[in-house]
Each structure stands twice: as C-alpha cells, then as structure tokens.
Amino acid sequence: MNCILVQITKGLTVLAAGMIMACGGNGSSTPATGTATISTGVVEKLGSVTVNGVTFKVSGAKLQLRDDAANQVAGGRVLQNETELQDNNLLKVGMVVAVKGRIDNNGVDGAATEIEFRDTLKGRIDNLVDDRLTVMGQTILVDDRIKGLLAGPNALKVNDDIQISGIVDDKGQIRASHIEKQNALAEFEAKGFINNLNGNTFTLVVDQGQSSGIAVTINGSTTLPVSGIKNGDFVEVSAAGSSANLTATKIALEDTLKRGADDQFEVEGYIAVIGGSGFTLRGYTVITNSATVYRGGVAADLLAGMKVEVEGVLDASNNLIAKKVTFKESLRLNGNAASVDTTAKNLSLLGKTIIYNNGTEFSGFTDPATLTGKNVEVRGNLSADGLAIIAAKIDLKGNAAADAFIRGPVASANLAVRQLNIIGILVTTDDAITKYKDQESTPDPGISAAAFFSGIVPNVTVVKVRWNPFSSLTAAPKEVQYEN
C-alpha cells in the first residue's frame, strides 16, 4: 500500500489527531510540478474537492470511503472525472477528509492522488438542546452551515441514529460540520485513541488532547487485532449499543503510513493550548517562528479555542513547523451593543447581527440580556449566508464607550471613492480626517491614501478601522491601519 492519508481529528470523520493513514496507489492526476502535500480539513466545495482553500482536481485519484459499505470498493475507487464525487453522492460538503497530492505554485490549485473519508461517530442521539447534541456521552455542537438539520418536519430528534463528521475544539466538544441520519443502526462505531489501558478496559478519546472520553470494555468475545492494542493506538471500536460506556464487539487497529520527508502538511482545527513557541492543534505541537506568515490576523490574536488552518512541515519529532497560519475566526468588532434578543440568541453591534450559541465563550458576563447599551468586543466569523457574524467569543468591556472599531480582511478597496468593504460594511475615509497607517507605532507619521489603498490585497490584507468618537458607520473613521 503506497497511499497516504491523514488522520487528525478528534474523532472526526476522517482522521484522528496526529496520525497519517494508509490507503494505497498512485493517481494519475498529480502534476509533475508543485509541492507534495497532505491536507486535512472540511470539504468546502465539490466537483473538484476544495479543502483548506485549495481546489484539488480528482480525476485519476483513489477514493477511500472507509465507513460507507454501500459505496466502498476494495482497494479504493479510482475516480474517472471531476463530477463523479457529486453525481454519485460519494462525498459531501462538510465532511472532514484527508487529501494527498500536489499543490501548484499559486497555492490554490492542486491535484489529488488519494482522498480518504472516515466518520467520527456512528451513534444515537441521547439528548438534544438547541444546537447541542449528546451522542455516546460526547458533546456535539452543530455547525452554522448545517443548522437546518435542527428545524422542520425532518429535524434531528432524540433516539435518531446519526453519522457525524467534525473537528474537536479545545473543550473536547465535537464541532460537527456534517451529520447524516442513519436507518436503525445494528452496530455503532467510535474512533479515537486508546488511553489508560488497564486489563480489559480503556478510555477512547477522539483526540489526543482530550482528558476524558468513552469508557470501553473488552470482553471475551471481542474481536481484537492480531497485533493487539496499546496506549496511543488509533482504533475503531464497534459495539451493539450507543452510550458513554461501550462493550466492544470488535476493535480494529488503524494502520499508519510514513510520510515523505519533504511533504508539506496542512491541518485545520481548534487551538487547544497556547504556550512556548507556538500552540497545540489536534494533537500536534505547532511551532511558529519569525518566518511564519499570518493570514487574517497577527500572532498576538492566537487564543485557545480559536479555529485556524496551519500549513507547514512535520519534523522528526512530529512537530508541525508552521510556514503559514490562517485565521478562520479573524473578525473583530468593538462597540456598544444596540439590542439583544435572547430568544433568537443574537445581538446588534455596529449594524451587524451577532449570533451566539453553545460554542460561544462569554467573558465578563453570564447573561447576554445585560449587554444592551454596554461596550462589547466580538471575535468570530461570517455566517454561511455572509450576512451575520457567528461569535466565537463575546467580551464585556464595560459601560458604553465613545469609540468603536472593526477589523477583518478587506473584500474590496476603491481609492477613487476612498472606500473599503470589510465584512459587508462600507467604510468611506476622508483624507482630512482619516490617518492611514501601515504599522502600529507611536508616533506614526502615516502614509498617503494612495499608498494605503495600493497596498491592499483583497481578501488577504487585514485592516483595522477605528472611529473616535463613533457616530455612525457612514462617518469617516479616525484611522485605518494594516494588521498583517
């Protein structure tokens, strides 16, 4: 078997934190040039497969659907064209996959030789409150893009059997990006790492960073791998029931494949711990340095619980040396909350609807109803429809303040009319009022409007816009400043 796949999730559909998995074969679509890459993350678009911002051509690539018996082909299915995935419903947007192939020098196009999907859990819903499910004792948060599964006549409900694909956050919760109902499962499955193996019991954690997980008991009739199991092994546990305490009927050991020494590695996930010279992400120690490039934010923005994508290489100790860190929750707004709707779970800030949910961290308060008229700072990302902001964190700063700011990637910039489009907010500067800055320093002589606007790369350059005092979004800001 000479294929490569990555396993890195916290029980996610395709991977498990920190592992690279085998499948076999070489696809014919890999370009002769480009960087050899293993990329793990959520499927963003189909036709070709877009993962971590790279669109991989799939013609000639080998597809491994490890947990889909109906579509599985022994040794993997060789894809004939770019529409086969979508036409045959083989992969779906939101699934977490591993892709092996090459990325062209432009950084956005590539060709896959191997694609692998593995679900995180197949289990039964024990509890469902708002956007939070409990399956096998694991907390599942439903991603914004699939919130439709929670409404309507076919909405998910307690005792439904489901297949889950997602990524675990810093709190050990699985952020599900894909959920499918299953018909009366006869066998349930959980994937993860073995911890605390003691005789015939162990704890299965869907990510190596988790402190707790599913309690597994091995009885005399359990089918075990020929080689046995040990702490740290990544396994699939099958059981006749779905609960936080599983009696295994079968335990399958997942093979790992050695990566190429020069392979680039990309992984998407939630930062678990900040410390030392970097942070931990899905079981990897990510090391940043002066050569690391940040997109959508700066190094000082890194926080535990923040969703990021890291691109780099794995060293001999399996540390991920980061060449690039891309912020998935790069938006920041600070101002006075105009209103709060605790029923709809949103608030209005600087003309934007801010949605909070069970995954949102509150700082300085416990009851959102108390935020009306108060000064708050929000970090988050655009909703699936691009109209609202899904808050990753809401921080109460204090009573109403005179100033305000927004910060995010510039979608478009027009020097002629002195206009910036940031998260759908049109900011119009005025050379007589606005200071243009290319760095954070005091004092800062600033630069010309022409220099400032010419330096902006759409959807890459992050700009902070500050009003002091703030009167309205149509008023010229006091300053605009590059943040990366």
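Residues numbered from 1 in each chain as written. Predicted model: local features only at pLDDT ≥ 70, side-chain atom pairs only at ≥ 80, totals over all residues. Heavy atoms only, no water.

**Comments concerning the overall build of the chain**
Counting secondary structure elements, the chain contains 2 helices and 38 strands. Within the span of the chain, comprising 484 residues, buried residues form 50% of the whole. Contacts in the chain between residues at least 24 apart in sequence constitute 63% of all its contacts with a sequence separation of at least 6. Put simply, the chain shows about 19700 Å² of open surface, and 48% of that area lies on carbon and sulfur atoms. (Helix = DSSP H or I, 4+ residues; strand = E, 2+ residues; numbered from the N terminus. Buried < 20%, exposed > 50% of the residue type's maximum accessible area, 1.4 Å probe, protein only. Contact = heavy atoms within 4.5 Å. Areas by Shrake-Rupley, 256 points an atom, 1.4 Å probe, with all protein chains shown as cover.)

**Here we look at unusual backbone geometry**
With an omega dihedral of 5°, the bond running from Asn468 to Pro469 counts as a cis peptide bond. Residue position: Pro469 is located in the loop between β37 (462-467) and β38 (479-482). Within the chain, Asn89 stands out as a residue other than glycine whose phi angle is a positive 60°. Relative to the helices and strands, Asn89 resides in the loop between α1 (84-87) and β8 (96-103).

**Describing empty space enclosed by the protein**
Inspection of the entire model under this criterion finds 1 cavity of 30 Å³ or more. Here the largest cavity is characterised by a volume of approximately 50 Å³. For the largest cavity, the full set of lining residues is Val42, Asp143, Ile167, Arg175, Ser177, Tyr270 and Lys307. Of the residues belonging to the lining of the largest cavity, the class tally is 3 nonpolar, 1 polar and 3 charged. (1 Å grid on protein atoms, 1.4 Å probe; cavity = no way out; pocket = protein on both sides within 12 Å on 5 of 7 lines; lining within 4 Å. Points joined across faces, edges and corners; volume = space filled by probe spheres on them. Nonpolar A, V, L, I, M, F, W, Y, C, P; charged D, E, K, R; others polar.)

**Things to note about the environment of Met136**
Here Met136 lies in the loop between β11 (132-135) and β12 (138-142). For Met136, a relative accessible area of 0% gives the class buried. Considering only alpha carbons, one finds Met136 and Phe188, 52 residues apart in sequence, at a separation of 9.7 Å.

**Side note on the nonpolar core**
Counting 33 residues, the largest nonpolar core has Ile394, Ile406, Leu420, Phe452 and Val463 as its most contacted members. Residues in contact with Val463, not counting those within four places in the same chain, are Ile406, Arg407, Gly408, Val410, Leu420, Ile422, Phe452, Val480, Gln481, Tyr482 and Glu483. Counting 32 residues, the second largest nonpolar core, distinct from the first, contains Ile140, Ile179, Val216 and Ala239. (Core = buried A, V, L, I, M, F, W, Y, C linked by side-chain atoms within 4.5 Å.)

**Let's talk about the pairing of strand β26 (residues 331-336)**
The buried count for β26 comes to 5 of 6 residues, which makes it a mostly enclosed element. Sheet topology note: the β26/strand β31 (residues 375-382) ladder contains 6 bridges and is antiparallel. Within β31, the position partnered with Leu333 by the bridge is Val378. Inspection of the sheet shows β26 paired to strand β33 (residues 404-414) by 3 bridges, in the antiparallel sense. Bridge pairing in β33 links Arg332 to Arg407. (Pairing = 2+ DSSP bridges.)

**Details of the environment of Thr288**
Mapped onto the elements, Thr288 comes out in the loop between β22 (284-287) and β23 (293-295). Look at Thr288 and you get buried, because its relative accessible area is 17%. For the pair Thr288 and Ser277, spaced 11 residues apart in sequence, the C-alpha to C-alpha distance is 6.0 Å. If we ignore the near neighbours within four places in the chain, the residues touching Thr288 are Ser277, Gly278, Phe279, Tyr294, Ala322 and Val325.

**Points about the pattern of salt bridges**
Counting across every chain of the model gives 24 salt bridges. Salt-bridge contacts for Asp160 lead to Lys157; the nearest nitrogen and oxygen are separated by 3.2 Å. Classification of Asp160 by relative accessible area gives buried; the value is 10%. Assessed through its relative accessible area of 48%, Lys157 is described here as partly exposed. Of the charged contacts in the structure, one is a salt bridge between Lys191 and Glu189, with a shortest N-O distance of 3.5 Å. Just as Lys191 is buried, Glu189 falls in that class too. (Salt bridge = Lys/Arg side-chain N within 4 Å of Asp/Glu carboxyl O.)

**Quick notes on the environment of Ala369**
Mapped onto the secondary structure, Ala369 falls in the loop between β30 (361-363) and β31. Taking relative accessible area as the criterion, Ala369 reaches 42% and is therefore assigned partly exposed. Note: C-alpha distance between Ala369 and Lys345 (24 residues apart in sequence) is 9.6 Å. If we skip the residues at most four places from it in the chain, Ala369 touches Val340 and Thr342.

**Things to note about the pairing of strand β10 (residues 121-129)**
Summarising the sheet, β10 and strand β13 (residues 161-168) pair through 4 bridges and their orientation is antiparallel. What sits directly across from Arg124, in β13, is Asp161. Across 2 bridges, the pairing between β10 and strand β15 (residues 188-198) is antiparallel. Of the residues in β15, the one forming a bridge with Lys122 is Glu189. A loop of 2 residues connects β10 with β11, the two strands running antiparallel in sequence, and Asp130 in this loop sits at a positive phi of about 55°.

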